Number of protein chains: 2
Amino acid sequence: MANMKDVAREAKVSVATVSNYINGKKVRSEAAKNIEVAIKKLNYVRNNAARLLKTDQSPFVVFVVPSVWSPFFSELTFWVQKYLNKLGFKMVLCISENDYEKEKSYVKMAEEQRAAGILSISYSDLTSHVLSDIPLVAIEKETTGQFSLISSDNYAGGQLAAKELINRNLEHLIFVGSTNYESVELNARKAGFEDFCNNHGHKFELEEVKTRYDKKQLLDSVNKIIERIISESKKQNIGIFAHTDETAFLLIKELIKKGIRIPEQVQVIGFDGWNLTPNTKLSLSTIRQPIKEIAETAVKQLNKEIKNPKEAEKARVMLPVSYRAGETTIN
Amino acid sequence: MANMKDVAREAKVSVATVSNYINGKKVRSEAAKNIEVAIKKLNYVRNNAARLLKTDQSPFVVFVVPSVWSPFFSELTFWVQKYLNKLGFKMVLCISENDYEKEKSYVKMAEEQRAAGILSISYSDLTSHVLSDIPLVAIEKETTGQFSLISSDNYAGGQLAAKELINRNLEHLIFVGSTNYESVELNARKAGFEDFCNNHGHKFELEEVKTRYDKKQLLDSVNKIIERIISESKKQNIGIFAHTDETAFLLIKELIKKGIRIPEQVQVIGFDGWNLTPNTKLSLSTIRQPIKEIAETAVKQLNKEIKNPKEAEKARVMLPVSYRAGETTIN
DNA sequence: ATGAAAGCGCTAACAT
DNA sequence: ATGTTAGCGCTTTCAT
């Protein structure tokens, strides 16, 4: 491919003039014209590797996510990309699948590329692999305390779910979810729910669903819930808080299959606020995470740290969640 | 940051030896040891910009998609990333939002970065902006004929939908979707449906839904369908083919709200085969696109063209779709 | 196996 | 405003 020298020769000017022209600095109008012609003629495209080597200013931000194949991460990725773009950054998308080795290799890659920064939502402790002083902003979880963290208020979300169910005069409350040692945010949701119930003198039961992959366990839970409905005969006063929309969604599908009517017999609240596309929502009642705001806050914070590597102070932001009424509760 | 020269000095060897060591070539074991120590001590990380400048071999593949916030694109992005990674490539994710200017700028960026290749699913004609000889593989659509194209067989999918509905002895068939000049694949779905019906002597009606954003139009369609159900009294023999899962999903939601029972009164087949996550499917009956295979085929083809820029011949692949039974048809 | 040195394409400092 | 030139950090050829 043609390089700047070729263009300079063709346009009968020096490389510096070409460089200046390309970077929007003033050049003689005749020179500009000639350079323009030469660029077209030679199909010249600037080599950013060379530019980066010289300037040390990469346009890339590395975004590490466990998955992109889930409405939550899709939406987050969308907004992150949007805000990065607005600031002139390009996104390198790294899907970690919660694999520690992959996360490590992505951080290394980011450092080798001299990426402008890293944005990560990681459940292992990725942050401990950062050797260089590359700016990093974590989403959801960061335990070392050395990097900025943007998350939503999962604990308050759990409380809110409890409150909404209790407001509906449901006597029988059930939490469906897990106690997962690796997931601070899921633990917080559960704790919020439990604490609110306890503080308001409401009994509740727990249905442990260890992982979303365990179909059998989910079916067991469904069956237990059904037993309870039958034994309560027609009281129809069961309220369920599922720790994620995915769990809620799978649960509801099974309940409906078994002939349970929702929300008449059982009311369900999920967590996350899944939107399948910008225009398609599930009809699930849910605690909605402020995904757009998480993305915006994280990107802005990262930008701050990129622009001001020394002085920018680390942030710890917890954003509020909200209840979104759907058709799985009686509102 | 420390560079190779620093490491060489620290390890008392030449830069060439350091370079060899890093790239896995044979070095004296004592030298290796010293270099290893020096790297650790100085926190050395190789600068890939310099490496790329010299070798002209980028690890980046640029992936241009209209959206990532949709189950279809999420899943596609997941698989594309997976296969790229398997071959040692990194993905630069570019969301175009169907914006022509953005697409153009992404292609330019890819060329400036000397990216290894471009993978694109574009509805404008992105391919005409490619100045350099960077390999490009298109997904879904490519009209210039100069690049490889991987798509699924939308026309056969439309036929399949018609066949499935006709097999259920449904007298009243309705196509809900659009004739969109810019979307070859949507047109093909419709044409397949129409042709199959016509060839089998089945009447059908069209309900134009111009865009998924037009809620009002969708409601109109729903109301028309409801009128038809009422006027047909209890025949309960309506079958709908919606041109995307999104349309089908929104439609069903409205129908249920109006008290229509699905699939007893109306049977619906969508198109795409949305999976919300690897474990969460909609209960929609649908024509499923072979998303994983599309990704795999596209990545392999791109790799072929990257490895063999001159000789690799362009591919035109059309992958088969399949019917996936859900709970919106009586099976 | 190792070292010296050229050079990838660009930017920026400096001189004019 | 323009030209000359050093040098960013690496790989690779060539000589040893």
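Values in this document were obtained by computation on a predicted structure and should not be read as measured data. (Residues numbered from 1 in each chain as written. Chains lettered and ligands numbered in written order. Predicted model: local features only at pLDDT ≥ 70, side-chain atom pairs only at ≥ 80, totals over all residues. Heavy atoms only, no water.)

1. Let's talk about the relation of the copies chain B and chain A
Right, on to step 1. Taken as rigid bodies, chain B and chain A are interconverted by a rotation of 180 degrees and an axial shift of 0.0 Å, the fit giving an RMSD of 0.1 Å. The relationship between the two copies is best expressed as a two-fold rotation axis. Scanning chain B for the C-alpha nearest the rotation axis identifies B:Val92, at a separation of 2.1 Å.
Right, on to step 2. When the interface residues of chain B are mapped onto chain A, 100% of them again fall at the interface, so both copies present the same face. (Least-squares fit on C-alpha atoms with pLDDT ≥ 70 in both. Contact = heavy atoms within 4.5 Å.)

2. So, the protein's contact with DNA strand D
Right, on to step 1. In the vicinity of DNA strand D there are 24 residues, among which A:Ser14, A:Thr17, A:Arg28, B:Met4 and B:Tyr44 approach most closely.
Right, on to step 2. Of all atoms in DNA strand D that approach within 4 Å of the protein, 69% are sugar or phosphate atoms.
Right, on to step 3. The side chain of B:Ser19 places a nitrogen or oxygen atom 2.8 Å from a phosphate oxygen of DNA strand D.
Right, on to step 4. In this structure, B:Asn23 approaches DNA strand D through a side-chain N or O atom, which is 3.4 Å from a phosphate oxygen.
Right, on to step 5. Secondary structure elements with two or more residues in the surface near DNA strand D: α2 (15–22) and α4 (48–55) of chain A together with α2 (15–22) and α4 (48–55) of chain B.
Right, on to step 6. No other element matches α4(B), which puts 5 residues into the surface near DNA strand D.
Right, on to step 7. Partitioned by chemical class, the residues of the surface near DNA strand D number 11 nonpolar, 7 polar and 6 charged. (Near = heavy atom within 4 Å. Polar contact = N/O pair within 3.5 Å; in protein donor to acceptor, adjacent residues only side chain to side chain. Helix = DSSP H or I, 4+ residues; strand = E, 2+ residues; numbered from the N terminus. Nonpolar A, V, L, I, M, F, W, Y, C, P; charged D, E, K, R; others polar.)

3. Looking at the side chain of B:Ser120
Right, on to step 1. Turning to its location among the elements, B:Ser120 is positioned in strand β3 (residues 117–120).
Right, on to step 2. Beyond its immediate sequence surroundings of up to four residues, B:Ser120 is in contact with B:Val64, B:Leu126, B:Leu136, B:Val137, B:Ala138 and B:Ile139.

4. Considering the state of the cysteines
Right, on to step 1. The final tally for this structure, using the stated rule, is 0 disulfides over all chains.
Right, on to step 2. Cysteine A:Cys94 is unpaired, with the sulfur of B:Cys94 as its nearest cysteine sulfur at 13 Å.
Right, on to step 3. A residue is classified by how much of its surface remains accessible, and A:Cys94, at 1% relative accessible area, is buried. (Disulfide = S-S within 2.5 Å. Buried < 20%, exposed > 50% of the residue type's maximum accessible area, 1.4 Å probe, protein only.)

5. A few points about the nonpolar core
Right, on to step 1. A:Phe63, A:Ile240, A:Leu255 and B:Phe63 are the most contacted members of the largest nonpolar core, which totals 114 residues.
Right, on to step 2. A:Val62, A:Val64, A:Val107 and A:Leu136 belong to the second largest nonpolar core, which has 36 residues in total. (Core = buried A, V, L, I, M, F, W, Y, C linked by side-chain atoms within 4.5 Å.)

6. Points about the protein's contact with DNA strand C
Right, on to step 1. Taken together, 23 residues lie near DNA strand C, and A:Met4, A:Tyr44, B:Ser14, B:Thr17 and B:Arg28 sit nearest.
Right, on to step 2. One of the side-chain N or O atoms of B:Thr17 is found 2.6 Å from a phosphate oxygen in DNA strand C.
Right, on to step 3. B:Arg28 places a side-chain nitrogen or oxygen 2.3 Å from a phosphate oxygen of DNA strand C.
Right, on to step 4. Those elements that place two or more of their residues in the surface near DNA strand C are α2 and α4 of chain A together with α2 and α4 of chain B.
Right, on to step 5. In terms of residue class, the surface near DNA strand C is made up of 10 nonpolar, 7 polar and 6 charged.

7. Considerations on the sheet that holds strand β14 (residues 322–324) of chain A
Residues and elements named next belong to chain A.
Right, on to step 1. Strand order in the open sheet formed by 6 strands is β7-β6-β8-β9-β12-β14, with mixed pairing between adjacent strands. Single-partner strands in this sheet number two, and they are β7 (204–208) and β14. Going across the sheet, the axis of each strand differs from the next one's by a mean of 20 degrees, ignoring polarity.
Right, on to step 2. Taken together, the 5 bridges between strand β6 (residues 172–177) and β7 define a ladder with parallel strand orientation. Directly across from Val-176, in β7, lies its bridge partner Glu-207. (Pairing = 2+ DSSP bridges. Axes fitted to C-alpha atoms, helices over the stretch in contact; angles between N-to-C directions.)

8. Notes on the pattern of salt bridges
Residues and elements named next belong to chain A.
Right, on to step 1. Overall, the coordinates contain 33 salt bridges over all chains when judged by the stated rule.
Right, on to step 2. A salt bridge links Arg-316 to Glu-142; the nearest nitrogen and oxygen atoms lie 2.3 Å apart. Taken as a pair, Arg-316 in strand β13 (residues 316–319) and Glu-142 in the loop between β4 (136–139) and β5 (148–152) lie far apart in primary sequence, 174 residues in all.
Right, on to step 3. Using a relative accessible area of 47% as the deciding quantity, one classes Arg-316 as partly exposed.
Right, on to step 4. Among the residues examined, Glu-142 registers a relative accessible area of 5% and is labelled buried.
Right, on to step 5. In this structure, Lys-224 engages Glu-207 in a salt bridge whose closest nitrogen and oxygen atoms are separated by 3.7 Å. In this pair, Lys-224 is assigned in helix α9 (residues 215–231) and Glu-207 in strand β7, connecting sequence segments 17 residues apart. (Salt bridge = Lys/Arg side-chain N within 4 Å of Asp/Glu carboxyl O.)

9. A few points about helix α1 (residues 4–11) of chain A
All names here are of chain A.
Right, on to step 1. Of the positions making up α1, those classed as buried are Val-7, Ala-8 and Ala-11. Around the axis of α1, the buried residues are gathered within 100 degrees of arc, so they sit on the same side. Across from the buried face of α1, at angles greater than 90 degrees, the exposed residues are Lys-5 and Arg-9.
Right, on to step 2. Against the buried residues of α1 lie α2 and α3 (29–42).
Right, on to step 3. Measuring from the backbone nitrogen of Lys-5 back to the side-chain oxygen at the start of α1 gives 3.0 Å, which picks out Asn-3 as the cap. (Arc of directions from axis to C-beta.)

10. What to know about the UniProt feature "domain: HTH lacI-type" (unreviewed entry) in chain A
Right, on to step 1. Those residues carrying the UniProt feature "domain: HTH lacI-type" (unreviewed entry) are residues 2–55 of chain A in this numbering.
Right, on to step 2. In the segment residues 2–55 of chain A, helix accounts for 70% and strand for 0%; the C-alpha atoms at its two ends are 21 Å apart. (UniProt positions renumbered as here; feature names shortened; annotations may be inferred.)

11. A few points about the packing of helix α1 (residues 4–11) of chain B against helix α3 (residues 29–42) of chain B
Residue and element names in this part refer to chain B.
Right, on to step 1. Where α1 meets α3, the axes come as close as 8 Å, and the angle between the chain directions of the two elements is 125 degrees. As summarised for this structure, α1 and α3 are arranged oblique, according to the angle between their axes. Helix-helix and strand crossings are classified by hand; for α1 and α3 the assignment is right-handed. Mapping the contact onto sequence places Asp-6, Val-7, Glu-10 and Ala-11 in α1 and Asn-34, Ile-35, Ala-38, Ile-39, Lys-41 and Leu-42 in α3.
Right, on to step 2. Classifying every residue of the contact of α1 with α3 gives 6 nonpolar, 1 polar and 3 charged. (Parallel < 35°, antiparallel > 145°, perpendicular 65-115°, else oblique. Left-handed = near helix turned anticlockwise from the far one by under 90°.)

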